[in-house]
Amino acid sequence: MDARYDVELIDVTKRYEDSIAVDAISLRIPKASYCCLLGPSGCGKSSTLRMIAGHEDITEGDILIAGQNVTDLPSIKRGTAMMFQNYALFPHLTCIDNVAFSLQVRGIAKSARRARARGFLDLVHMADFAERLPAQLSGGQQQRVALARALIVEPKVLLLDEPLSALDPFLRVKVREELKRLQRDLAITFIHVTHSQDEAMALADQMVVMEAGHIRQSGPPREVFERPASGFVARFIGGHNLFTTDRGEVAVRADRCSLTTTGGTPAQVIAVEYQGTSVRVALKTEHGSDIFAVLPDQVFFAAPVEPGTATQLLWSVEDEHRL
Amino acid sequence: MDVKAHARRRRAWLTSWLQVGPMALVLVLLFALPTLLFFVVSFFDYDRVGIYPAFILDNYQDLLTTPATWRIYLSTMRFAVMAWAITLVLGFFIALFLVFHIRSGKTRMVLFLACAVPFWTSGIIRTIAWIPFLGRNGAFNTILEKLHIIDHPLEFLLFSDFSVMVTYIHLYTLLMMAPIANSMAKIDESLIEAARDCGASRFQVLRLIIIPLSRTGIALGSILVFTQVIGDYFVVKRMSGGQSASIVSALSTEIQAMQYPPAAASAVVLVIFVAILVAGMMRVVDVRRELAR
Amino acid sequence: MSRPRVREKRPYTFYLLASLMGLYLLFLYGPMIIIYILSFQGPDGGVTFPMVGFSTKWFGDILKPGQMADIPSSFGRSMLLSSAVCLLTVIMSVAAGLGFRRRFPGAAALFYLAIASLVMPSLLVGFGIGLGFQFLGLPQGLFTSALGAQLTWTLPFGLLTMFAVVARFNRSCEEAATALGATAFQRLWLVTLPLLMPGIIGVAVGAFTLSYDEYARTTLVIGSKNTLPLEIYALISSDSTPELFAIGTVTTVVSFALILAMLAFVLRLQRRRTRG
């Protein structure tokens, strides 16, 4: 059977003592795609990843990888490999022995496994550090080694648990690019857990927004951003204001809002943040709800406002997305 | 600038010296000097009435040429190695169970305390507690007879090498288990998952990850058990029924007979022996750095 | 499609190791339980089975000074000595633990001295100190030679414990206290010591128990009046009665009570801290 999907979750539930971490979610991830699981902490995204990896028992439901039901299989037989949040490098082994570990447990001779591990260290540009211990490496270097260790098992699906969270912002953007390139080159599926919407939008082919053990929306990032399925999704991915109008509850992108003196919704300026190409103006309405507008810099500086100023917020009905 | 930094460093040293001073003083006065003293006395001459300052090697010569000395060292080493091996296996697997198999912190705490509580009862009483248990008419024989497993009471249970070993294991397994459990508790759970992810079997995880990462605890526990057994004189005397002697029980007989110089020579030899053993085990790990991790 | 599953699949090793644990606990408590039972031996019974009646005579005997041993006064001496050892150990180890946070010349030498003192065969420590007192013509006594001998045992233990405790201590709290204008003494008293308190309690409890049980280091330097373990030792060497077992039972009950009290105290300390 040639599967159309690399990963399929069917009514997967994870129950702890008396709480439900993941509540009967179903999800299909197409072949060789980059999928981001996004949500606030405690939404069940990490539990989902760990169930796919086989590190967490599945309470109910099934998981299929490349068409094969792997629900009861151990990690290594699933065709998955995981990169852990703290990298989980073995502190007593050198980089090359860390990478070669999965070959060692398969009983492959030392010289053969080291030669192969060196190839994977090359792939992540870490060959020069082969004989170092993990403690002698920077965070970014440790991550590369962890990546090589995960890739050497030649997984169909690579699972990444918040891989960028321990890196500084500059490195984060660089590693982000590399991950995406690697995923294209290897043509395998990456499932990447994150709580950062920037990261998810930058990387994902498929973006899955989770909350309280449920999937709230799943689709390409652009679709999620332009047509959020609920108030929660709109708030969580950011960049949207939520209003209750006579047409019902609507979401409006903040960069489609403008400030005016008449004909808009009255509000008071709370804060002004200069962001280079744009200016973010935080406002409070008369009802006390927090909204904001993102204005191109020329537009803002043509009619600047200051905190405390009374103003009005304007948007057009076409930009409203009904929830 | 350089001078200032130097003065500041001096001041920091002075603070540290003041802080460690009392402990250093006690250890020098009550440990280092007395040890030096019996080292000196080991070269003294003696007769039935007293000891006389001298520099003779007779005490060492007598000690090392007596076959009994070698026999006793061998017998004590045999006990030490056996007690070490058994407490190591027992302590390691119990620590493994407590740290990696018990999921609730509360259960772990209760089980650990259950292991530790007998430690608060006097070692002497814990030793003699085995007498009514292992004796000819003791609880163990009675149970076996009631169950018709044996017809006659087992004689080897008490006042034998067997009862000495049983007592050592009873007394010292905790000394092995606690440091190992402490090392294991510092192993990040995700390392085990990562190893499983790489396809390691349960046994491979144990051999390639858990054992290497517990080596500090294993070394510390080994040092404690080894030195306790080598330093023992009570258990051997009491539980072997006078059949075995230990290095220290032989030494204590000489001290009671006021034969200080030969006792001191014997003590010096024992100290060198223990020092070599411990130094060997300390080479495996940097105890101080590992404790502070 | 979806099927309910047993929630936790325990590996077979769990059951193997659980059985090992069970057997070990049985091994640990089996003989102890026997002595608890035998401590209620009838007045005519001996130190082995069978039980000849049932009495609390042997518990009463503990309180009576006998010909061979005087348990009540030796208990009193033990408590005094252990309290002194405990106090000195806490003060010296906490100070030394703080001192060891800096590198200073002699640190390694002192560390190895402490390790050596810990692994030294116990009787030899007493032997050396005894010789020293004899040469100097000093009388041996509870608060001189015996106290000193026990400190050579409790101080290394206290120091090693403090290493682990101090390593977990966040120095930025102290820096914050200094930045907020605390004097060195205020910093110690208001910040450092309270934060180290659980570890300090650990050192105190450990030192007290080690001292209370000690006999091998103390036996050659105790002088004329015995501590409790030495008195028990004397009892064993003479003739055995179930009184020994009664002492064991009382010790266990007292240590259980102490552990529970300590646990309650530590838990309250933690709760107050998390609530605060």
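Residues numbered from 1 in each chain as written. Chains lettered and ligands numbered in written order. Predicted model: local features only at pLDDT ≥ 70, side-chain atom pairs only at ≥ 80, totals over all residues.

Helices and strands together make up the secondary structure of chain C, namely 10 helices and zero strands. Scanning chain C from its N terminus toward the C terminus, one meets helices and strands in the order α-α-α-α-α-α-α-α-α-α. Expected size for 276 residues packed as a compact globule is a radius of gyration near 19 Å; at 24 Å, chain C overshoots this value by more than 25%. If one aligns the C-alpha atoms of chain C with their principal axes, the spans along those axes are about 85 × 70 × 35 Å. With 276 residues in all, chain C has 38% of them scored as buried. Pairs at least 24 apart in sequence give 76% of the contacts found in chain C among residues at least 6 apart. (Helix = DSSP H or I, 4+ residues; strand = E, 2+ residues; numbered from the N terminus. Rg over C-alpha atoms; globule rule 2.2 N^0.38 Å. Buried ≥ 20, exposed ≤ 12 C-beta atoms within 10 Å, placed from the backbone. Contact = placed C-beta atoms within 7 Å.)

When helices and strands are counted, chain B shows 15 helices and two strands. Relative to a compact globule of 293 residues, whose C-alpha radius of gyration would be 19 Å, chain B shows 24 Å and is clearly more extended. Seen through its C-alpha atoms, chain B measures out along the principal axes to roughly 85 × 70 × 30 Å. Taken across its 293 residues, chain B has 45% of its residues classed as buried. Contacts spanning at least 24 positions in sequence make up 70% of the contacts within chain B whose residues lie at least 6 apart.

Taken residue by residue, the interface counts 73 residues in chain C and 71 residues in chain B. Taken together, the elements giving at least two residues each to the side of chain C that touches chain B come down to helix H1 (12-38), helix H3 (71-99), helix H4 (107-119), helix H5 (122-136), helix H6 (142-167), helix H8 (184-213), helix H9 (228-237) and helix H10 (243-275) of chain C. If one sorts the elements of the side of chain C that touches chain B by residue count, H1 of chain C sits on top with 16 residues. Residue classes in the side of chain C that touches chain B are distributed as 55 nonpolar, 16 polar and two charged. (Nonpolar A, V, L, I, M, F, W, Y, C, P; charged D, E, K, R; others polar.)

The subject of this paragraph is H6 of chain C. All names here are of chain C. Between the first and last C-alpha of H6 there are 35 Å, a value that for 26 residues agrees with the 38 Å anticipated at 1.5 Å per step. Along H6, the largest kink reaches about 30° and is centred on Leu151. With 21 of 26 residues buried, H6 lies mostly within the body of the structure. (Expected span 1.5 Å × (residues − 1). Bend = angle between axes of the 7 residues up to and from the residue.)

Let us look at the sheet that holds strand E8 (residues 189-194) of chain A. All names here are of chain A. On the basis of which strands lie adjacent, the open sheet formed by six strands has the order E6-E7-E8-E3-E9-E10 and mixed pairing. Looking along the sheet, the strands with just one partner apiece sit at the ends: strand E6 (80-83) and strand E10 (214-219). On average, adjacent strands in this sheet sit at an angle of 20° to one another, irrespective of strand direction. Two strands pair when backbone bridges link them, and strand E7 (residues 157-161) and E8 are joined in this way by five bridges, in the parallel orientation. The residue of E8 that forms the bridge with Leu158 is Phe190. On the sheet, helix H5 (residues 139-151) packs against E6 and E7 and is oriented at approximately 170° with respect to E6. (Pairing = 2+ DSSP bridges. Axes fitted to C-alpha atoms, helices over the stretch in contact; angles between N-to-C directions.)

Quick look at helix H4 (residues 110-123) of chain A now. Residue and element names in this part refer to chain A. With 14 residues, H4 extends 20 Å from end C-alpha to end C-alpha; this agrees with the ideal 20 Å at 1.5 Å per step. Restricting attention to buried positions, one finds in H4 the residues Arg113, Ala117, Phe120 and Leu121. Mapping the buried residues of H4 onto a view down its axis gives an arc of 105°, with all of them on the same face. Turned more than 90 degrees away from the buried face of H4 sit Ser111, Ala112 and Gly119, all of them exposed. Contacts made by the buried residues of H4 are with helix H2 (95-99), helix H3 (101-105) and H5. Directly after H4, the chain includes His125, whose backbone phi takes a positive value near 60°. (Arc of directions from axis to C-beta.)

Turning next to the sheet that holds strand E15 (residues 278-285) of chain A. Residue and element names in this part refer to chain A. What the five strands build is an open sheet, ordered E13-E17-E14-E15-E16; its pairing is antiparallel. The strands lining the two open edges of the sheet, one partner per strand, are strand E13 (258-260) and strand E16 (290-296). Pairs of neighbouring strands in the sheet enclose a mean axial angle of 50°, with direction left out of account. Direction of pairing for strand E14 (residues 265-274) relative to E15: antiparallel, over a ladder of seven bridges. Counterpart to Gln268 in the pairing with E15 is Lys284.

For the rest of this paragraph, the subject is the environment of Ile52 of chain A. Residue and element names in this part refer to chain A. By the secondary structure assignment, Ile52 is in helix H1 (residues 45-53). The class for Ile52 is buried, based on 26 C-beta atoms found within 10 Å. Sequence separation of Ile52 and Glu17 is 35 residues, and the distance between their C-alpha atoms is 20 Å. Beyond its immediate stretch of four places on either side in the chain, Ile52 contacts Val7, Ile63, Thr80, Leu159 and Ile191.

A few words on unusual backbone geometry. Both trends apply: most residues other than glycine have a negative phi, and most peptide bonds are in trans. All names here are of chain A. Positive phi, normally seen in glycine, also occurs at Ala24, with a value near 50°. Positive phi outside glycine occurs at Tyr87, with the angle close to 75°. Classification of Tyr87 by C-beta neighbours within 10 Å gives buried; the count is 25.

Let's shift gears to the nonpolar core. Ala83, Ala95, Tyr168, Met177, Val225 and Ala267 of chain B together with Phe127 of chain C are the most contacted members of the largest nonpolar core, which has 137 residues in total. Broken down by element, this core gets its largest block of residues, 13 residues, from helix H8 (residues 161-185) of chain B. Not counting residues within four places of it along the chain, the set of residues in contact with Phe127 of chain C comprises Phe38, Ile255, Ala263 and Ala267 of chain B together with Leu220 of chain C. One finds Val12, Ile52 and Val145 of chain A together with Cys198 of chain B within the second-largest nonpolar core, a separate group that totals 96 residues. (Core = buried A, V, L, I, M, F, W, Y, C linked by C-beta atoms within 7 Å.)

Next up on the list: the packing of helix H7 (residues 172-179) of chain C against H8 of chain C. Residue and element names in this part refer to chain C. Between H7 and H8, the least distance of the axes is 10 Å, while the angle of their chain directions is 165°. Viewed along their axes, H7 and H8 adopt a mutual orientation that is roughly antiparallel. For the element pair H7 and H8, the recorded crossing hand is right-handed. Residues Cys173, Glu174, Ala177 and Thr178 of H7 form the contact with H8, whose participating residues are Arg187, Leu190, Val191, Thr192 and Leu195. Looking at side-chain class alone, the contact of H7 with H8 contains five nonpolar, two polar and two charged residues. (Parallel < 35°, antiparallel > 145°, perpendicular 65-115°, else oblique. Left-handed = near helix turned anticlockwise from the far one by under 90°.)

Caution applies to low-pLDDT regions: their predicted coordinates should not be interpreted in detail. All names here are of chain C. Averaged over chain C, the pLDDT score is 83; the fraction of residues at 70 or greater is 93%. Between the elements of chain C, mean pLDDT differs from a low of 78, seen in H10, to a high of 90, seen in H3. For the stretch residues 1-7, pLDDT sits under 50, and the model shows 15 contacts to residues farther than four places along the chain or on other chains. Our summary of model confidence lists the complex with pTM equal to 0.86 and ipTM equal to 0.86. (pLDDT = per-residue confidence, 0-100.)

Before going further, it helps to spend a moment on the pairing of strand E12 (residues 248-253) of chain A. Residue and element names in this part refer to chain A. For strand E11 (residues 240-245) and E12, the ladder comprises six bridges, and the chain directions are antiparallel. In the sheet register, Leu242 faces E12, and the bridge partner there is Ala251. Counted between consecutive antiparallel strands, the loop separating E11 from E12 contains two residues. Two elements, E12 and strand E18 (residues 321-322), share two bridges in a ladder whose sense is antiparallel. Looking at the pairing, Ala251 lines up with His321 of E18.

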